[in-house]
Amino acid sequence: MLQKIRDIWNTPKSLKARRYANVFYDVSWNVLLLTIISVVLIGFLGAGIGAGYFASLVKDMPAPAYKTMTSQINTYSSTSDIYFGSGERIGNYTTDEVRVPITVDKVSPFVVDALLATEDVEFYEHDGVVPKATLRAILQEATGSEERTGGSTLTQQLIKNQMLTNEVSFERKAKEILLALRLEKAMGKDEILNAYLNVVSFGRNSMGRNISGIEAASRGVFNTSAEKLTLPQAAFLSGIPKNPFLYTPYYQGGVIKEDVSPAINRMKTVLNRMYVAGKITKADYDAAYNYDITQDFMKTQSKPRDRYPYVIDVAEREALAIVTAHLLKQDGINLNDLEPKERKEIGSSYGKRAHNALRQGGYKIHLTLDKQIHESMQQPAKNADNFGPNKNVDGKSYPEQTAGVMLENKTGRVLGFVGGRYINGKTEEYNHATQMTRQIGSTAKPILVYANAIEAGMITPETVVIDEEYFYKFDYSNRKDPVNNEGKTYRGPVTVRDALKLSLNVPAVKIYEERNEMESDTQKLIDMGIAVSDTNRKASSMALGVGEVSPVNLASTYAMLANYGEHVEPYFIDRVEYQGETIFEAQPKKTRIYEDRTAYLVVDMLRDVYTSGTGTYAKSLLNAPGDWMGKSGTTQFKRDSYLVGSTPDVTLAVWSGYDSQELGMTDDYPYGPYYQRTQRIWSQIANRVYADKPETFTNARFSQPSSVKPDDFKDSGTFSEKKKLEEKKKEEEAKKQAEEAKQQAEEAKEEAEQAEQDADAQRDADAKANAEAEAKQKAEAAKKAEDEAKKKAEAEKKAEAKQKAEDEAKAKEDAENEADAS
């Protein structure tokens, strides 16, 4: 066809045709030439106008130094992370945006290929701007076109995020172009790409938080690192930056959207562009295209504050104080050198700076808490059977609460704590372990009363004190009230050892008042971090624990005894790191409170609390081994209940009570004695920790220091009741002697009376005997007389008989004689 036209043109059939052809050619060429010239002129004019307009848009913008640009581009917020002392990541410092910096060499190649194929195919060829793309975007914007193909390179997007606003205007676009061209001279391509990967928004994560940067996106959507992203995962995430809140798979609360098809379609678009760009094979494309990406989405996650509410709270409060102090030190400011008003203002200002720094500065906060120990400690606080009933005050219902702290004696590291009770799986915001201060109760006796008295040589464990009705002598109230004795019974003379294990009140007050060094004694509590009011520093009732303390500080005071008198301040943060540098590392703060001799003697007595004293119920439930010593405590009206126990390695303190101090704990059925609930929680915590991490408890024993002498276990003190006891003993002996003398007198009297009675009886017996003898004699005489009479009668009778016989014989003879005669 072309050849035919060429032949007709070169060999016209007539001169007329040739003439018309020449005219047409000349006219067409001139028109074309005029058009070209006009277009060129208009182009130059448009370019001039455009250049002038562009110049007017950026005339007030100074060209930033390369170093300034680089610094600003690489300055982006980075989430501060919080870690357990055992190494596990807990979560981040509370912030609206989560970002985890990462270097490009640690990112999956799939991500880089997907981003470049989708967002900036010519990234490694252009100088920061692609003119045709920019012109297209400007025309679309100027004409109001619904189609938006985008004209920004990755460099321009980075400039917009880090140096400009999101304002839609030609001025902002002009500045963006100019700065992009300049940035390409200040930074290399990989540096720009690295910054982009850490800056760009990826919507929301499975907790519902805003996420920026590829690493935070990888963790928050797929629960993996950016280095391990698969092809479909990389394509899905790389599609999000075009419209983060359309393509993110999560709602604000971290719930997965019902319809994620826009995001999936976007993923398929990214895969197609990767394939067209030759970054993946057809097989890779098909496999990723048909992959069900929804199965990789993380389920809705609870926020760290939901899972570890008290831990995050403690970490943030402690870290805020540490970073504030660090910033003040950096600027050479000592708040103690300032006037109160200025100190308050500057302290508040630096506190706000520290808070913002922690939210955006990428600090790493390493706690002392052992994850296993801490989680094991929570279990008893979740068991409703361990608590008494709810009680009401002023129309508000209060549940019975608890708190607990376990710390490492020698270092002061808090290994775990219970901030409060769990109700329906949730806790209060108020951390009872650290924020609550309540009266210390009888747990004050060993650390305040007996330890000071032992150290002063006033008492020993075998010193005898009289438990009797007793009235305060110099209580700050100036009232001579009787020392509270709930049982209303007294034991009389008892040893200090028995008084302590049975937690008797009168002996403790007697010793504290006789020592009468209240201000210096309470200073030792202050040295251990326990605040004591000026009034209580002079109060006899401090012996019974009217001073207030938090559970964590209470635990540290018994750890002091376990450390043979050396107190170590408890702490929750081991170290804080910033940009690879350790800006804070805990150094145990040690203070000598008592001599090792004093501490050991108290420890030795406190062993009895568990074996035969007020802690025997806890001991009966305890599985965890150890040389246990400690103390129970109760405040007035059963408002607070304590049990503290220590081995040579660790100390565990537990509190129970109500948030309202108007309420006391109950002993009613079916809850049982209030102190048993406290001791049951204490034992359950120890047992759970032992079951889950048995190495926490060892069989180590408290060893007796060489400073402890044999006389320390005798009643070798100077306590005045020793004399009183001796005098009382003498009085008792004198009384006994008097009673014995009286008894002897009474016995003598009784003997005399008995003797007299015996004498009377003897006399009566003698008289009777004499009478009997006389009667007998008379009887015998009578009998004798009777016998004699009888004999006489018999003799007379015999004589009469004989006489009669003789008379008869004579008569017979006379008769015979007469007869003969006759």
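Residues numbered from 1 in each chain as written. Predicted model: local features only at pLDDT ≥ 70, side-chain atom pairs only at ≥ 80, totals over all residues. Heavy atoms only, no water.

Caption draft 1: Seen up close, the overall build of the protein. Looking only at helices and strands, the protein features 26 helices and 21 strands. Every one of the 822 residues in the protein was classed for burial, and the buried ones make up 45%. Expressed as a percentage of contacts within the protein between residues at least 6 apart in sequence, the contacts between residues at least 24 apart total 71%. (Helix = DSSP H or I, 4+ residues; strand = E, 2+ residues; numbered from the N terminus. Buried < 20%, exposed > 50% of the residue type's maximum accessible area, 1.4 Å probe, protein only. Contact = heavy atoms within 4.5 Å.)

Caption draft 2: Quick look at the pattern of salt bridges. For the coordinates displayed, the defined rule picks out 30 salt bridges. One salt bridge in this structure joins Asp81 and Arg89, with 2.9 Å as the shortest N-O distance. Under the relative-accessibility criterion, Asp81 is labelled buried at 5%. Arg89 sits in the partly exposed class, given a relative accessible area of 37%. Between Asp711 and Lys714 there is a salt bridge; the shortest N-O distance is 3.5 Å. (Salt bridge = Lys/Arg side-chain N within 4 Å of Asp/Glu carboxyl O.)

Caption draft 3: Focus on the packing of helix α6 (residues 154-162) against helix α8 (residues 189-199). Taken N-terminus to C-terminus, the directions of α6 and α8 make an angle of 50°; their axes are 10 Å apart at the nearest point. As the angle between them shows, α6 and α8 are arranged oblique. Here the hand of the crossing between α6 and α8 comes out left-handed. On α8, the residues that touch Leu154, Thr155, Gln157, Leu158, Asn161 and Gln162 of α6 are Ile192, Leu193, Ala195, Tyr196 and Val199. Split by residue class, the contact of α6 with α8 holds seven nonpolar, four polar and no charged. (Axes fitted to C-alpha atoms, helices over the stretch in contact; angles between N-to-C directions. Parallel < 35°, antiparallel > 145°, perpendicular 65-115°, else oblique. Left-handed = near helix turned anticlockwise from the far one by under 90°. Nonpolar A, V, L, I, M, F, W, Y, C, P; charged D, E, K, R; others polar.)

Caption draft 4: Focus on the nonpolar core. Residues Leu367, Phe417, Ile459, Ile511 and Leu561 are the most contacted members of the largest nonpolar core, which totals 94 residues. At 10 residues, helix α15 (residues 309-330) tops the list of elements feeding residues into this core. Discounting chain neighbours no more than four positions away, the residues touching Leu561 are Ile447, Ala599, Val602, Val603, Leu606 and Met629. Counting 59 residues, the second-largest nonpolar core is a separate cluster that includes Val112, Leu116, Ile159 and Met274. (Core = buried A, V, L, I, M, F, W, Y, C linked by side-chain atoms within 4.5 Å.)

Caption draft 5: Structural detail: the pairing of strand β21 (residues 650-657). With eight of eight residues buried, β21 is to be regarded as a mostly interior element. Neither face of β21 is open: one carries Val650, Leu652, Val654 and Ser656, the other Thr651, Ala653, Trp655 and Gly657, and all of them are buried. Bridge count between strand β9 (residues 401-408) and β21: eight bridges; the pairing is antiparallel. Note on β21: the bridge partner recorded for Val405 is Ala653. Two elements, strand β20 (residues 640-646) and β21, share seven bridges in a ladder whose sense is antiparallel. What sits directly across from Val644, in β21, is Ala653. Linkage of β20 to β21, two consecutive antiparallel strands, is achieved through a turn of three residues. (Pairing = 2+ DSSP bridges.)

Caption draft 6: Layout of the sheet that holds strand β19 (residues 629-634). Strands sit in the order β10-β9-β21-β20-β19 across an open sheet of five strands; the sheet is antiparallel. Of all strands in the sheet, those with a lone pairing partner are β10 (414-418) and β19, marking the two edges. On average, each strand axis in the sheet is inclined to that of its neighbour by 5°, with strand direction left out of account. Bridge count for β9 against β10 is four bridges, and the pairing is antiparallel. Counterpart to Val405 in the pairing with β10 is Phe417. Its contacts with the sheet put helix α22 (residues 551-562) on β9, β10, β19, β20 and β21, and the angle it makes with β9 is roughly 40°.

Caption draft 7: Main features of the side chain of Asp120. If you trace the backbone, Asp120 turns up in the loop between α4 (109-119) and α5 (131-143). Buried charge without a salt bridge: Asp120, with Lys189 as the nearest opposite-charge side chain at an N-O distance of 6.2 Å. Within the local environment of Asp120, its side chain forms a polar contact with the side chain of His126, the two groups lying 2.8 Å apart. Polar contacts involving the side chain of Asp120 include one to the main-chain amide nitrogen of Leu154, which spans 2.9 Å. Contact partners of Asp120, with chain neighbours within four places excluded, come to Leu115, His126, Thr153 and Leu154. (Lys, Arg positive; Asp, Glu negative; His and termini not counted. Polar contact = N/O pair within 3.5 Å; in protein donor to acceptor, adjacent residues only side chain to side chain.)

Caption draft 8: Here's a closer look at the environment of Val255. As for its placement among the helices and strands, Val255 is situated in the loop between α11 (244-247) and α12 (261-276). Considered as a pair, Val255 and Asn205 are 50 residues apart in the sequence and their alpha carbons are 9.3 Å apart. The residues touching Val255, leaving out its near neighbours within four places in the chain, are Pro249, Tyr250 and Thr300.

Caption draft 9: Structural view of a negative patch on the surface. The grouping of Glu746, Glu747, Glu750, Glu751, Glu753 and Glu756 at the surface amounts to a negative patch. Mapped onto the fold, Glu751 is located in helix α26 (residues 721-821). (Patch = residues over 30% accessible without salt bridge, like charges linked within 9 Å, V, L, I, M, F, W, Y side chains within 5 Å. Areas by Shrake-Rupley, 256 points an atom, 1.4 Å probe, with all protein chains shown as cover. Charge placed at Lys NZ, Arg CZ, Asp CG, Glu CD.)

Caption draft 10: Broad picture of the sheet that holds strand β1 (residues 81-83). Strand order across the open sheet formed by five strands is β2-β1-β6-β16-β17, with mixed pairing between neighbours. Unpaired on one side and paired on the other, β2 (89-92) and β17 (581-585) mark the two borders of the sheet. Recorded for the sheet is a direction-independent mean angle of 20° between the axes of neighbouring strands. Pairing geometry for strand β16 (residues 573-578) and β17, over four bridges, is antiparallel. What sits directly across from Glu577, in β17, is Thr582.

Caption draft 11: Structural detail: unusual backbone geometry. Residue Tyr669 is joined to Pro670 through a cis peptide bond whose omega torsion reads 5°. Along the polypeptide, Pro670 turns up in the loop between β21 and α25 (674-692). Positioned with a positive phi, Ser503 is a non-glycine residue whose angle comes to about 55°. Here Ser503 is to be found in the loop between α19 (496-501) and α20 (505-515). Judged by its relative accessible area of 16%, Ser503 falls in the buried class. Positive phi values are uncommon outside glycine, yet Lys638 reaches one of about 60°. Residue position: Lys638 is located in the loop between β19 and β20. Its relative accessible area of 25% is what places Lys638 among the partly exposed residues.

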